[in-house]
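Observations on the model geometry
Each chain is listed here by its residues.
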Amino acid sequence: MDVSQYLDIFIDETSGHIQSLSDNIMALEKDPENKDTINEIFRAAHSLKGMAGTMGFKRMQHLTHDMENVFQEVRNDNVKVNSALIDILFQCLDAIEGYLETVKGTSNEGTEENEGLINLLNNFLAGGDDAKDAPAAAAESEPKEEPAPQEAASTDSALFKTLNLEAEVVDKLKAANKPLIGMTIHINKECLLKAARAFLVFKAVEDYAEILVYDPSSQDIEDEKFEFDFSIIVATDADVAPMIESVKAVSEIESVDYDKVTADMYEKTEAAPAPEPAAEPQAAAPAAPKPAAPAAPAAKTSGQQAAANVNKPVTSRTIRVDIEKLDALMNQVSELIIAKNSLASVSNGDTGSLNGQQLHEQIEYLERITTNLHESVMKVRMVPIETVVNKFPRMIRDLSRKLSKPMELYMSGEDTELDRTVVDQIGDPLQHLLRNSADHGIEMPDDRRAAGKPEQGNIFLKAFQEGNNVIIEVGDDGAGIDTEKVKAKAIERGIVSAEEAETLTQKEIINFLFMPSFSMAKQITDISGRGVGLDVVKSNIEALGGDVEVKSTLGEGSTFTVRLPLTLAIIQALMVEVRDEKYAIALASILTIENIPVSSIKYVEAKEVIHLRDMVIPIIRLDKLLDSEPKEDDDENMTVVIVKKGDTYGGIVVDNLIGQQEIVIKSLGKCLDNNKIINGATILGDGEVAMILDVNAIV
Amino acid sequence: MSDIAMLDVAEKEKVQYIVVKIGGEQYGIGISNIDNIVRMCPIARVAKAPFHYRGVINLRGEVVPVMSLRRRMGLEDDVFTDASRIIILKLESIGLIGVIVDEVKEVLSLSDDDIEPPTQANKGKTSFINGVGTNGDELISIFEISSIIGDVDA
């Protein structure tokens, strides 16, 4: 059955199920007795298994099947949920996600068996209640097992050992000091489970002797990548006959050819350059099977897979849209057609001359429709940030265990919607901020107790909409930022001199944290502290047209506030004029517009400022900034647009105000986009191009 | 000259060039890179952009950066006339970009053996041409688009 057409659905639904599993397993850990949660988990695992099976992803199916078994036992109250089980389950989820990634890249599940995990699951079941320690111990040994299958997905530990010896295989043959026997085993052509038969043969042989060489490699034999025969070399002191008998006793083995061999025979072939596939496995007889390197072909196949990963992306960027949103869109498009027809009939009117009143009405109607249409299209592009933040509770749980700090993540406003492009890119910065809170923010439990706080640290993530912005706050109730330490570090790094540092405000000091390579971590952990952190967070967020700020109280915690624009494509802007050029300033960043007499300009540190409603606001002369032609005569009054970037204000001096307008942001093109004060252009009604000022950069 | 002789055998295919005038000289731009040729239109200045970028234009609803080839090559600044044109190049690396020329003369087919490698006379200076073609008595310098576009800071 060709199932490729279902691949997209499979990927989509699988990620859904993985997410639901992850959520529910988290819930289960808190409330292990909740039957509803267990049932929900069971259903999700079952659907996963079913889908994997339908798509022919056997390994994935195998893993989910064993997970389902565990849930079955949990549901039947035969097994108690404990954190060791939860750990294993999360590892399984990671593995399934791994499969999904491979499927996304190659439409294939890959060769990762995850045998280690499956064993863990089965051990847990076998251990049941009476061996609670076993799973814990198993969980500890897990990290060692996990990376191993990456390089050679070997499932049998005995074979695995042999693989490791492979590099010095000829030496080993020599060093064996025992008679060597070469064997070629022929399997019945009707045999369905060749790999299983081969495995049984190895088992049988291993009772009598040590297998030194496999041809084809043990990996390929396991994957059934061989015809109907394969060869091995064994070293044994024992009598050959009983061993051969037991090999023959394995069902569906047609015949066994064997003979004595010596290491010298292989040394010659080994010396010859690249003798690899020369030995035909079909060369029946006692023929000397070559010591073909088992690891090399395995490495090759994995290499090929990596290449395939790059070459075969199978998924496109898609978005799920609520059907109601699409219906609204459809309605508005029909209205647009009606409006167009009305306009056409007005212009084709019998009178020959345009009726001003009628035309005006129609244009107003058209305007209303386009505004609605724009809103609807924007809504279609909006997705809740849920998709990104959902993985965070799990992450904090893992960190909590890893760092041995009890902590809890509280999230709110997951349904806050943002433009798809923003949501796609906000994940990493948020993740970094959370890790930062977990690693640096929250203190060790002892310190917390000493400070009179509850042992459990709290991290929160709050998202909400504020005007045309979405605010995401990431905070903790940890130690807060020690500005003295930051200051000392800044002086040590030579960023400021000791004298300068004395005059810095709290905020300026905290801003040092956003400078490249300024890590406060006393020791580098793999969670954070490599000094490539907050500056990357800041630049990522700024690239999305947002900004990030920190508030921190020593001993009480810190809060990072990320401000993001709702959408990237269309904004409300104030159009201003400087000489004969037009510029757009995003309305969202404008506070007020003031008419100020030139005489009221004051100077602070030789910089122009104005004093406005108890605020000292620096003046930004747009014409100077933009290298415009100098003005001939100075007016008595100037128009100042007061803009705001976080807590910082600036007064932008312009020549004229034109008015408010909805503008479509266009990129300046690759060769001009490194501009610091202009972050795009827009095309005005008359076809003229106007630049959009980057308020964040100029204030 | 041996490699040219080889090319002669290898391919006789002719490539079409748009011949343009900048200052007193004629230049050829390979037609495969050209999206479009438009008349001069208002160019919006982009503050703080590199000097040789005159700004951007509105090309049927798209914002397209425009470069002055005269400024790029260090010649006298452009004087726009009725003959001035903006040649819109379409490049895989950066998308659309316009270059201003004094005049568009003709389309010319040249085979590789009509084009000689550029003289090494002005070594050290960045060269914007990768060959000199002949058309009767006239010499036509063939632009190397990538070196015009590349190294914005140069």
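Note that the structure is a prediction, hence the values are computed from the model and not measured. (Residues numbered from 1 in each chain as written. Chains lettered and ligands numbered in written order. Predicted model: local features only at pLDDT ≥ 70, side-chain atom pairs only at ≥ 80, totals over all residues. Heavy atoms only, no water.)

With 20 residues of chain A at the interface, the matching set in chain B holds 19 residues. Both faces combined, the contact of chain A with chain B buries some 1,600 Å², and carbon together with sulfur accounts for 62% of it. Summed over the three residues of chain A that lose the most area to chain B, namely Cys 671, Leu 672 and Val 689 of chain A, the buried surface amounts to 33% of that side. In this assembly, chain A and chain B are joined by 3 salt bridges. A salt bridge links Arg 45 of chain B to Glu 581 of chain A; its shortest N-O distance comes to 2.7 Å. Those elements that place two or more of their residues in the side of chain A that touches chain B are β13 (581–586), β21 (678–683) and β22 (689–693) of chain A. With 3 residues, β21 of chain A is the largest single contributor of residues to the side of chain A that touches chain B. Taken together, the residues of the side of chain A that touches chain B break down into 12 nonpolar, 4 polar and 4 charged. (Contact = heavy atoms within 4.5 Å. Buried area = accessible area lost by both parts, 1.4 Å probe. Salt bridge = Lys/Arg side-chain N within 4 Å of Asp/Glu carboxyl O. Helix = DSSP H or I, 4+ residues; strand = E, 2+ residues; numbered from the N terminus. Nonpolar A, V, L, I, M, F, W, Y, C, P; charged D, E, K, R; others polar.)

This next bit is on helix α10 (residues 194–206) of chain A. An α-helical turn contains 3.6 residues, so any two residues separated by three or four positions project in the same direction. Given a rise of 1.5 Å per residue, 13 residues ought to cover 18 Å, and the 18 Å separating the end C-alpha atoms of α10 of chain A matches this to within 8%. Buried within α10 of chain A we find Lys 194, Ala 195, Arg 197, Ala 198, Val 201, Phe 202, Ala 204 and Val 205 of chain A. (Expected span 1.5 Å × (residues − 1). Buried < 20%, exposed > 50% of the residue type's maximum accessible area, 1.4 Å probe, protein only.)

Further remarks concern the confidence of the model for chain A. Residues and elements named next belong to chain A. In the predicted model, chain A carries a mean pLDDT of 75, and 78% of its residues have values of at least 70. Confidence over residues 268–315 falls short of pLDDT 50; this stretch has 70 contacts with residues more than four positions distant or in other chains. pLDDT under 50 marks residues 523–532. Its contacts with residues more than four places away, or in other chains, come to 23 contacts. (pLDDT = per-residue confidence, 0-100.)

As a further point, take the pattern of salt bridges. Residue and element names in this part refer to chain A. Going through the model one piece at a time under the given rule, you end up with 27 salt bridges over all chains. Arg 448 is the salt-bridge partner of Glu 443, the closest N and O atoms lying 2.9 Å from each other. For the pair formed by Glu 443 and Arg 448, the shared burial category is buried. In this structure, Asp 477 and Arg 448 form a salt bridge, with 3.0 Å as the shortest nitrogen-oxygen distance. Placement of Asp 477 in the loop between β9 (469–476) and α21 (483–492) and of Arg 448 in helix α20 (residues 445–450) is noted, with a sequence separation of 29 residues between them. Note on accessibility: Asp 477 and Arg 448 belong to one class, buried. Overlapping salt bridges bring together Glu 29, Asp 87, Asp 94, Arg 394, Arg 397, Asp 398 and Arg 401 as one network.

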